[in-house]
Structures are given as structure tokens and as C-alpha cells.
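# Structural features, examined
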Amino acid sequence: MTAPARLDPASAEALVDTRFTVPGIRCAGCIAKIERELPKLDGIASARVNFSAKRVAIRHAESMPHDALTNALEQLGFEAQELDDNPLGSEDAEAKRLQRALAVAGFGMMNVMLLSVSVWSGAGGVTRDLFHWLSGVIALPVIAYAGQPFFRSAWMALKYRRTNMDVPISIGVLLATALSMYETVAGGGHAYFESAVMLLFFLLAGRALDAAMRTRTRAGIGALLSRMGRSAMVIAADGSFKTVASQELKPGMTMAVAAGEALAADGVVEQGASAVDNAMLTGESTPERVAADSPVYAGAVNLSAPLRVRVTAAASNTLLAEIARLMDEAGQSRSRYVRIADRASRLYAPAVHTLALLAFVGWMLAGAGWHQSLVIAIAVLIITCPCAMGLAVPAAQVVTSGALLKRGLLVKDGSALERLAEVDIALFDKTGTLTLGTPRADISGLDPEARAVALALSQASNHPLSKALASSLREAGVEAAEVTDISEQGGEGLFGTWRGIEVALERPDCAQAGLSSQLRIGMDTSLIDFHDPLRADAKQAIDALSEMGIESRILSGDRSASVSTIARKLGLHARAGASPQDKLATLEHLREQSRNPLMIGDGINDGPALAAAHASIAPGSASDVSQQAADAVFTGRALMPVATAIRAARACMRVVRQNFGFAIIYNVFAVPLALFGMVTPLIAAIAMSASSIVVVANSLRLARVAR
Amino acid sequence: MSGLLILIPVALGLGLLGLVTFFWAMRQGQFEDLDGAAQRVLIDDEEPEE
């Protein structure tokens, strides 16, 4: 299965692993292609694809530059991005720890239960004592290992004088274990080892589900690298070039920016004329023309011709870094959100502890003796331990997010689902959100020959309009004509020769409001219009939202002309020309009216707003920063997943509330039994597993929620 | 009673065996790429003729 090593034995160089995220891996063919073709290159020992995570690990000679590896993948037809050393390591490790703890608890539960069932069915005397001892020997290490996630979290909470779900769990488990040990040593009748272990097992199942949901989504969201250029070519005073990392750039340096490169710092153009793609910064989809003295910003992509840029602000002073800072600050307001499980436990934990204490005091006063009083108090703790609650929330959320995943929507974690269910107003960015974000060419005015020429010219360039034209033409089944001597002139267009005639794809002579380019064949010219179409179901999605009582508005950084056209078409209230700070102010204003805004946007300029909104969704085409800031990411060309997400999130919270309701009803019946000392280990075990099963079964109904 | 002396260690041993196998599988990365395994079945072992 693994690709054979084809390294020259003579080059006994150290091998290193580098990991890339490759979102384009979709089938077995892709796996085979990557794993077979890459090792044929010099310096690459082997490549291994992880299909689920859409990653490729390449084992290669240390001297091989990482750019060469990215290029090699690109030549196979896969866009690739290098992954930072181990950005997801801690998350993965956490999920693995929980899985191991769950396996250990499962093992312990089965074996202790085996012994307990024999005790319940009437084993007495020496056999019972032996079984209790055996149970203890199995249960103690199991609890010590599998209980750690809870003990640690409870300890952290107590250290900061707070309480969370893990405090009653830890106290219940520890007291039950201690009492059972005492009973075993004293040769008593009841030991609660199986209850303690079973409690841990069910609760760990909930935690492991929660963690699995997070890692699954992180894998889907993939690339975590920033869009900003990470290094720049700097021209020294003596005219020599050298590469400088973006952090080490200083104002006053001069960078040479090749076509297609992202800028690593803010600056002013000194020499050259080109167009830059600022879409990620401003949300404006039209490339901006720049010439000498134009300001340019880090993160923008230089499209057509090389530029020389004098750096004015670098590293943490760039506009991009400023946006990142705004995002950090904005994100902190969200961390104040308290998850529903913890909100419930704030009321629940003190109530349970008081009840158990009262039971102990009550029976002491009634003259039952400290041993019996303690047994009853612990029975109260065990029976009320939030087993169903610990499962109620994650089970419902995992099933919902799984259903949404199948519909092309990745929800990052449970708290995102909770917040999505609470939104009451939706703010849409325009470019890339309501629209597809990539211009589409109108090729209806071109005859077949012109189309063929246009394709030949357009596919030679990286300009977004050329790319858009080429893809529209390819979709129409056009074959490229044989155009020779193609040259690209920055800001002007593409020029070539076809059958001895001069042909060009160039900037139209007359300046127009919309996006267009001109195809010239000899003396004939024809105009090709571009527009950024609305997503086909934008109107339906907005209608669906308003049916759920959610008002929609447009909040865009784009020019007001293009925004108002779309606003009219959809009948929405719109605000154009909003800077990242303006967007934040709008959100803050809504928050003061105690509304819960949902932000849907894609650009880096939306990042702070995405982080600050009560909940946020970004399209899969969004910048990495925005995908990171958003709670959910949807893929594909439809906007409907936004409405589906909210519907599913609300259904999920309905089920969570039902589950809580069930847990309360269960306690209403079980607690009196415990208070009157009628709960034996058998009843505790049955009650606990029955309630967990009901909660899980109820949550499974959500599997159909996204249909 | 004497049966128990054999059966209980056997039960525990089998359980432990399962647990150890699970840990081994996790360490080997058997759960890293669940969808990939389903796809790899479809790859031809022979290189296609070119």
C-alpha cells in the first residue's frame, strides 16, 4: 500500500515529513495519483494521503524547498498549502485522551457489571465479599484513569471559586468510590463500584462525541495559514535582491512584488503599473488599478505586472494586522457566552449538593447513625448525578452537526449551534456571500471563432477577469484557438497573433460602470461584460429566514452603487461602504437593543464582525481568517444552508430542552426513592442506563433535521 | 466456586485483550483516515499502461 522509496541510495540525506492540506482530494483516483506520482520525483521518498482530513504527508529530503513540494502537487492538479508544524495537535491529543479514557471506562464497566449482576442475583457470604474485592481492584485504577478529565476540570473550576458540571460529577464519583471501598473492607452488603464506573462511561461518551465533532470540523476547515505574504523580495541599496521574512521588513525598504504574489507589507508603489486584488481587504470584487504613488496593502494580491513598492508599514502595523487585532478583541465578547450545560449546572450543582447534605443531616437527626446517613446521602448524589444531562447536550449537538455536514455545512462546536439557534437578525456581506464572489463572463455576444480566440488569450493570464472568462468559455465547451506570441501587459491586456491577425483581450476604450473587457480581432471589437451573479437561491434563503422571524440586512464594504442594485432586487435594507470598524459599531448597536445578530461574510474585512457577532457563518470560498472566525462554514453555490443551519440549530435546542425536561422528570421520581434510602446499587444502575438511553434515542431523531 | 477461579480471570483477560487491541489500533493510526480506507479499495494495484 505504501509507496516505495525511490530515493537514490547514494544521497543518504536526512528525511523529514512535511504536511500539506489539499482540499482537492475527492476520489480514489486522486489518492493513487498523489501517492504514485510524487515519489517519482527526486528527493521525495513517499507520500501518504489522509483522505478524511484532506491532507498529504510527504517524506522528503531535508534540503528540498517546501515550495518545490507545493509546485509538484500543483502540477498534479491539486492546490496545496503547507500546514504549520502541528496546529491541530492539541485538539487531536485531547480527543484521543478522551477516547482512551472511554475505552478504559467501557472495559471497567463491563467487568464490574459482570460481578455486580452476580451479587444482585443473590451471591452471598464469601462469594459476595470476593466479588466486591475484585470489583474494587478493577474499578479503582479505571476510575483513577478515566475520571481524570472530570477531576481536572472540576479542580480548575474550584480553584477559581466557580462550579461547573464536573464538580458534582467528581464529588459523586469520588464519594461513591470511597464508600464502596469502606463497604468492601467492612464486608457490607452494598458496593456502588459499577455505578461510579458506569457514570464515567456515559459521561465520557458525551465528552468524546463533543470532541469528535470539533476535530471533524477542524479537519474540514483545513488551511490555517494567513493570506499575507510571508516573505518579500527586498532590493538593497546596491541593487541586489534578497528575501526577507515579513516580520523583518522595515518602513523604507523597497520590495519587488512579482505578478501573482501577495504583498507582505503596506506600502506605496514606486515603479510599475498593475492591478491588485483587494477583495479580501475591502470586499470589493473589481481589481484596483495601481500606478506610481498608489497605496497598497498587505494581503492584496498583485495581479498583472511586477511592482516596486516602498514599505510604509510592516509586520504588526499593517492594515491587515490591525484587522487581526480588531478580530481578537471582538472575539473576546463571544467567550463570555456560557454554554447551556454549564448554565444548567450552575443551578443544578448547588441544588444537588444541598439535597444530599440535607438527606445526611435529616437521617442523622432521625437517629439513623452516621453510616446509614452517609449511604443515603451518597445514593442521592449518584442518582442525581447529571448523567442524562452530560449526554443530553452533546448527543443532540453531534447528531445535528452530522446531519448538517451532509448538507455541506460545517458547524465548529456545540456552543456555535446554541448561539445560532438564538439569532434574530441576519447581516449579509455582499461579495462572495449573497453573490458567488467570482465574476462570470457574458459570452453570448461572441461567435465561435471569437470564443476560441478569447479562450486562447484568457487562459494565458492569472487576472481574475481572464480566469473568469476562461472558465465560462470552458463550461460552454469551447476549444482554444492557436494564438501565438501571447504577451501580457500589466493594466492593458493580453496581446497575440492568430492566423497572422493581431488579436487582443484588453481594457475597453470607454470607461464603464460595470466590469468588462474588450476582445479585438484585427479591427473588429466586441465587448464582454462581467457580473458577479447572485447565488441562485438567495431570494428563497432570505424568505426562509424571514419565515423563521429573522430579518435580513446587507452590511457591505463595497461601493453603494453595486450594493443598492442587489438590495433592491432582494428587497433588503442595505448599508454600503462600511469599514471593519463600522461593521463592529453596527453589531454593537444591535447588541444594545438586545438583539442577537448573525453575521454572514467572507472577506478579511468581515473578520472582526464575524468574531463579534452573536453567531456567524462564512462561505467555503472565504478567506482563511474569516473561516476561522466564523462559527460555521458552508460550501457550494447555494445560500440555503444558512437558513437550514438556523432551522437545524433551533430543532437541536428544542431536543436539548426536551432532554433536560426528561432529566428533571427522572429526578422527580428517583430522588424521593434515594432520600428514603430505597435505592440499592441495582436500582441506581438501571435508572442511570435507562435515562441515558432515552436521552440518546431522543437525540437521534435529529438525524433528519437538515432535510 | 472452583469454576469461578478459572472463568473470572478468563473474562478479565479477554476484556483486557480487547482494550489492548484498541490501544494498539489507535497508536497505529487505524482510525486516522476512515474514509480513505473505503476509497483505497478502488485503487488498482497495477500501474495503468501509458
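Everything quoted here is computed from the prediction, not taken from an experiment.

Here the focus is the overall build of chain A. Along chain A, the regular secondary structure elements total 23 helices and 26 strands. Burial statistics for chain A: of 707 residues in total, 52% are counted as buried. Carbon and sulfur atoms provide 56% of the accessible area of chain A, an area that totals close to 30800 Å².

Moving on: the packing of helix α6 (residues 166-186) of chain A against helix α11 (residues 370-384) of chain A. Residue and element names in this part refer to chain A. Packing of α6 against α11 brings their axes to within 9 Å, and their N-to-C directions diverge by 140°. Here α6 and α11 pass one another in a crossing that is left-handed. For the pair α6 and α11, contact is made by I171, G172, L175, A176, L179, Y182 and E183 and by W370, H371, L374, V375, I378, L381 and I382, respectively. Its residues assigned to classes, the contact of α6 with α11 shows 11 nonpolar, two polar and one charged.

Residue and element names in this part refer to chain A. In terms of nonpolar packing, the biggest core is built from 122 residues, with I383, L545, L598 and I617 touching the most fellow members. The dominant element in this core, judged by the number of residues it contributes, is helix α22 (residues 640-675), at 17 residues. What I383 contacts, discounting residues up to four positions off in sequence, is Y666, N667, A670, V671, A674, V679, A684 and A687. Counting 26 residues, the second-largest nonpolar core is a separate cluster that includes L446, L455, L494 and F530.

Here the focus is the interface of chain A and chain B. On the side of chain B, 25 residues touch chain A, which itself brings 27 residues to the contact. Each partner contributes to the roughly 2200 Å² buried at the junction of chain A and chain B, and carbon and sulfur atoms together form 66% of this total. Counting the contacts that link chain A with chain B gives one salt bridge. Across the pair R40(B) and E35(A) runs a salt bridge, and its minimum N-O distance is 2.9 Å. At the junction of chain A with chain B, the criterion picks out three residue pairs in polar contact (both at pLDDT 80 or more). Those elements that provide at least two residues to the side of chain A that touches chain B are α1 (28-37), β2 (44-50), α3 (89-120) and α4 (125-146) of chain A. Looking at the side of chain A that touches chain B element by element, the count peaks at nine residues for α3(A).

Right, let's get into the packing of α4(A) against helix α5 (residues 148-159) of chain A. Residue and element names in this part refer to chain A. In the contact formed by α4 and α5, the axes pass within 5 Å of each other and the chain directions differ by 50°. By the criterion of interaxial angle, the relationship of α4 to α5 is oblique. Here I143, A144, Y145 and A146 of α4 come into contact with α5, specifically with Q148, P149, F150 and F151.

Residue and element names in this part refer to chain A. For chain A, per-residue confidence averages 80 on the pLDDT scale, and 89% of positions sit at 70 or higher. Per-element averaging of pLDDT across chain A places helix α8 (residues 279-282) at the bottom with 63 and α4 at the top with 91. Predicted confidence is poor over residues 1-10, with pLDDT under 50, and the contacts of this stretch with residues over four places away or in other chains come to 16 contacts. Contacts from residues 220-228, a stretch scored under 50 in pLDDT, to residues over four places away or in other chains number 29 contacts.

What follows covers the pattern of salt bridges. Residues and elements named next belong to chain A. Scanning the entire structure with this criterion turns up 15 salt bridges over all chains. A salt bridge links R499 to E449, with the shortest nitrogen-to-oxygen separation between them at 3.3 Å. With a gap of 50 residues between them, R499 in the loop between β18 (493-498) and β19 (501-506) and E449 in helix α15 (residues 448-458) connect regions that are remote in the sequence. Of the charged contacts in the structure, one is a salt bridge between E551 and R595, with a shortest N-O distance of 3.7 Å. Placement of the pair is E551 in strand β22 (residues 551-555) and R595 in the loop between α19 (580-592) and β24 (597-600), with a sequence separation of 44 residues. We classify R595 as partly exposed; its relative accessible area is 23%.

Criteria and cut-off values
Residues numbered from 1 in each chain as written. Chains lettered and ligands numbered in written order. Predicted model: local features only at pLDDT ≥ 70, side-chain atom pairs only at ≥ 80, totals over all residues. Heavy atoms only, no water. Helix = DSSP H or I, 4+ residues; strand = E, 2+ residues; numbered from the N terminus. Buried < 20%, exposed > 50% of the residue type's maximum accessible area, 1.4 Å probe, protein only. Areas by Shrake-Rupley, 256 points an atom, 1.4 Å probe, with all protein chains shown as cover. Axes fitted to C-alpha atoms, helices over the stretch in contact; angles between N-to-C directions. Left-handed = near helix turned anticlockwise from the far one by under 90°. Contact = heavy atoms within 4.5 Å. Nonpolar A, V, L, I, M, F, W, Y, C, P; charged D, E, K, R; others polar. Core = buried A, V, L, I, M, F, W, Y, C linked by side-chain atoms within 4.5 Å. Buried area = accessible area lost by both parts, 1.4 Å probe. Salt bridge = Lys/Arg side-chain N within 4 Å of Asp/Glu carboxyl O. Polar contact = N/O pair within 3.5 Å; in protein donor to acceptor, adjacent residues only side chain to side chain. Parallel < 35°, antiparallel > 145°, perpendicular 65-115°, else oblique. pLDDT = per-residue confidence, 0-100.

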